[in-house]
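# Examination of the molecular architecture
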Amino acid sequence: MSSKSRYYLEQCIPELDDLVEKKLFTKNEVSAIMKKRTNFEHRLNSRGSSVNDYLKYVTYESNVDNLRLKRVKRILQANKSNSISDWSMQKRIMFIYQRGCNKFPKDLKFWAMYLHYLKSRGNQTSYKKIHNVYNELIKLHPSNIDVWISCAKYEYEVHANFKSCRTVFQNGLRFNADQPKLWYEYVKFELNFITKLINRRKVMGLINEREQELDMLKEQEEKNADDENDAESDGDEEASGYLKRGPSTGDSMKDKLNELPEADMNMLGDKDTNPALHGDIALTIFDIAIETLGKYYINKHMGYYAVSDMKLDKELRKDTVKYLFEKSLEYVALFEKFDDLDRVYLINHIIQFWKNDMHDMSLPNELPELYVKNLIMDITLNIRFIDVESLDIDQLQLSVKKYFAYKNKLKDTVLTEIQSSYTSYLRENYLCHLDKDDSRYGILDQIIKKL
């Protein structure tokens, strides 16, 4: 037996003695457990060990711990007492996972299983512990964007720490600025945060900025006090960061507030006085993302021109603009999902963005197919989120007026595409769903014929 295996097995003795003393396991069962652990330790410390060996060890320890819990409930019942066996098996499982990650640092599936186990334990696992595991994983795999996204989502969705989440995204983009998925998730996070902040205000019924400021200061003081109490209540250095999810208070409004994000003093005011509440932070990230992704796309596909004095090939610039436009449409689809925000305002930003030339390419002259898509978005924007039942003829007329305003300026080739696309849009989204007896049907039919 190696000295390492012997050392690990010796750590089990107090735990096994406690199990026998509580009459949860017999001496024969304890001997069988010890024999099984010895075999696993030999295997893990051998040169031919694999990830599967670690998984089998974890499965065995989990089964033993589940059996222990059942016997605690049946045998001890009300006579429960805190002792080493109450936590030692879970700690051993974490230790096995950690050893496996150290030996097989490139196996992301094993890392994911380790993190899943830690998160599944709820308040029994400290925030600091999970944070440290993510830090180790990110150091080993800084170019894996799924790791960054997972870490950011944990910070925000579980720990409700939007500042830390934002920092994770920003650090991730320092290493992976060429990854559109990471930019997309960052924008999505900012939109989610603004949405929850707006819902928070609806729940609390905050009226003015002064009330918002007082509420935020009070919440921050309570949070700081809770953090101090958590740190004092546990001597373990990892326990000071425990995630504490408050139990249900019986008050639906307070329970709802517990799920909402931390307050941010920068988010005071309302939509008229604070552009951030419109989603301008997300839009700024979008602007930077498109500019950055364009540069990386050109550098990646530049080829010969990267080491010459010749101008970029026109086809390369066309491909770049097409690539960026398709990414922009993904953001349009994302904005459509946030019905608590001003979606027209968000999408209009992208429409106006593409009215400017990109990489010395004019959409009307050199990429008319993209120009048509952008104009159709602009023309239909004010009716984009109006369904058939709530179709307002006045709003429809505004859309039609915008169409005719463009019509007088467009070339014949583009005009034909715009006319066809707009007509199809009105037919498919409204006319086909209206009853012919509906007065709006006749009006809409006449409008379509005039187009």
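Everything numeric in this text was worked out from a predicted model, so none of it was measured. (Residues numbered from 1 in each chain as written. Predicted model: local features only at pLDDT ≥ 70, side-chain atom pairs only at ≥ 80, totals over all residues. Heavy atoms only, no water.)

### Here's the deal with helix 1 (residues 3–10)
Of the positions making up helix 1, those classed as buried are Ser 5, Tyr 8 and Leu 9. For helix 1, the angular spread of the buried residues around the axis is 100 degrees, confining them to a single face. Elements that come into contact with the buried residues of helix 1 comprise helix 2 (13–21), helix 3 (27–44) and helix 5 (88–103). (Buried < 20%, exposed > 50% of the residue type's maximum accessible area, 1.4 Å probe, protein only. Helix = DSSP H or I, 4+ residues; strand = E, 2+ residues; numbered from the N terminus. Arc of directions from axis to C-beta. Contact = heavy atoms within 4.5 Å.)

### As for the pattern of salt bridges
All chains considered together, the criterion is met by 22 salt bridges. It is possible to trace a salt-bridge network through shared partners that takes in Asp 18, Lys 22, Asp 65, Arg 68 and Asp 86. (Salt bridge = Lys/Arg side-chain N within 4 Å of Asp/Glu carboxyl O.)

### Considerations on the environment of Leu 76
Tracing the sequence through the fold places Leu 76 in helix 4 (residues 51–76). Given a relative accessible area of 12%, Leu 76 falls into the buried group. The spacing of Leu 76 and Lys 23 is 53 residues in sequence and 8.9 Å in space, taken between C-alpha atoms. Apart from residues no more than four positions distant in its own chain, Leu 76 is found in contact with Lys 22, Leu 24 and Arg 71.

### A word on the environment of Leu 398
As for its placement among the helices and strands, Leu 398 is situated in helix 18 (residues 393–407). Between the alpha carbons of Leu 398 and Ile 379 there is a distance of 8.8 Å; along the sequence they are 19 residues apart.

### Re the confidence of the model for the chain
Regions with low pLDDT should not have their predicted coordinates read in detail. Predicted confidence across the chain gives a mean pLDDT of 83, with 81% of residues reaching 70 or more. Low pLDDT, under 50, characterises residues 229–254; the predicted model gives this stretch 36 contacts beyond four residues in sequence or across chains. Long-range and interchain partners of residues 256–263, a stretch whose pLDDT sits below 50, account for 23 contacts in this model, where long-range means more than four residues apart. (pLDDT = per-residue confidence, 0-100.)

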